[in-house]
Amino acid sequence: MASRSVFIVLAVLFPTVAFATDFIVGDEGGWTINFDYQTWAMGKNFMVGDKLIFQYPKGVHNVFKVNGTGFQYCTKPPLKEALTTGNDTIVLSTPGQKWYICGVAQHCALAGQKLAITVNSMAPAPSVYPSMT
Ligand SMILES: *[C@@H]1O[C@H](CO)[C@@H](O)[C@H](O)[C@H]1NC(C)=O
Ligand SMILES: *[C@@H]1O[C@H](CO)[C@@H](O)[C@H](O)[C@H]1NC(C)=O
Ligand SMILES: [Cu+2]
């Protein structure tokens, strides 16, 4: 089947397009205070279907998804519950800007525990397919 062959070719040549990526926020540093998440996010290509995983000792931090205003002023959304498991996985299901903050004490406002990313939709398929034969 033609579309299946194309998919296999793309999967072999462009694994990052074909498969979702799990991003551990902050890598080994995890989700913590006094970490530069802006630099961490720089140059990463977040795609729809990828996952963000926030890792931290349970109880020490948490994760709120906020809007741009909440990000700027470190305000928690009044009616939303935080994620609190210490291994919080968020699937990036829509494109656009996304913002996350820690809601514990003044971690966001005073210690920079906030993350802003832009999620890209699936890249357009290349216009020239490699030949199968
Ligand atoms: C951002 O979120 C806050 C709190 O949830 C809400 O009050 C505010 O209207 C939102 N702002 C925008 C621009 O959506
Ligand atoms: C964290 O969650 C991911 C799935 O989102 C899972 O693969 C991983 O094993 C979990 N790690 C721990 C330490 O629980
Ligand atoms: Cu925190």
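Residues numbered from 1 in each chain as written. Chains lettered and ligands numbered in written order. Predicted model: local features only at pLDDT ≥ 70, side-chain atom pairs only at ≥ 80, totals over all residues. Heavy atoms only, no water.

> Explain the site of ligand 1 to me, please; I cannot follow it from the model alone.
For ligand 1, the full set of nearby residues is Asn67, Pro77 and Pro78. Between Asn67 and ligand 1, the recorded distance is 2.4 Å, taken from a side-chain N or O atom to an oxygen atom. Considering ligand 1 on its own, with 360 Å² of exposed area, one finds that the protein chains cover 30% of that surface. (Near = heavy atom within 4 Å. Polar contact = N/O pair within 3.5 Å; in protein donor to acceptor, adjacent residues only side chain to side chain. Areas by Shrake-Rupley, 256 points an atom, 1.4 Å probe, with all protein chains shown as cover.)

> Got a minute to help me understand the state of the cysteines in this structure?
Here, the word disulfide means a covalent bond between the sulfur atoms of two cysteines. All chains considered together, the criterion is met by 1 disulfide. What pairs with Cys74 in a disulfide is Cys108, and their sulfur atoms sit 2.0 Å apart. Its S-S torsion of approximately -70° makes the covalent link between Cys74 and Cys108 left-handed. Note that Cys74 is positioned in the loop between α4 (68-73) and β5 (87-91) and Cys108 in helix α5 (residues 107-111), a separation of 34 residues in sequence. Judged by relative accessible area, Cys108 falls into the buried class, the value being 4%. (Disulfide = S-S within 2.5 Å. Helix = DSSP H or I, 4+ residues; strand = E, 2+ residues; numbered from the N terminus. Buried < 20%, exposed > 50% of the residue type's maximum accessible area, 1.4 Å probe, protein only.)

> Please clarify how the coordination of the copper ion (ligand 3) should be interpreted in this entry.
Six octahedral donors around a metal ideally make angles of 90 or 180 degrees; four tetrahedral donors ideally make 109.5 degrees. Bound to the copper ion (ligand 3) on the protein side are His61 (ND1), Cys102 (SG), His107 (ND1) and Gln113 (OE1), at distances that span 2.0 to 2.1 Å. Sequence spacing of the donor residues for the copper ion (ligand 3), all on one chain, is H-x40-C-x4-H-x5-Q. With His61 in the loop between β3 (51-55) and β4 (64-66) and His107 in helix α5, this pair connects stretches of sequence that are 46 residues apart. One exposure class covers both His61 and His107, and it is buried. (Donors = N, O, S within 2.8 Å, 3.2 Å for Na, K, Ca; no water.)

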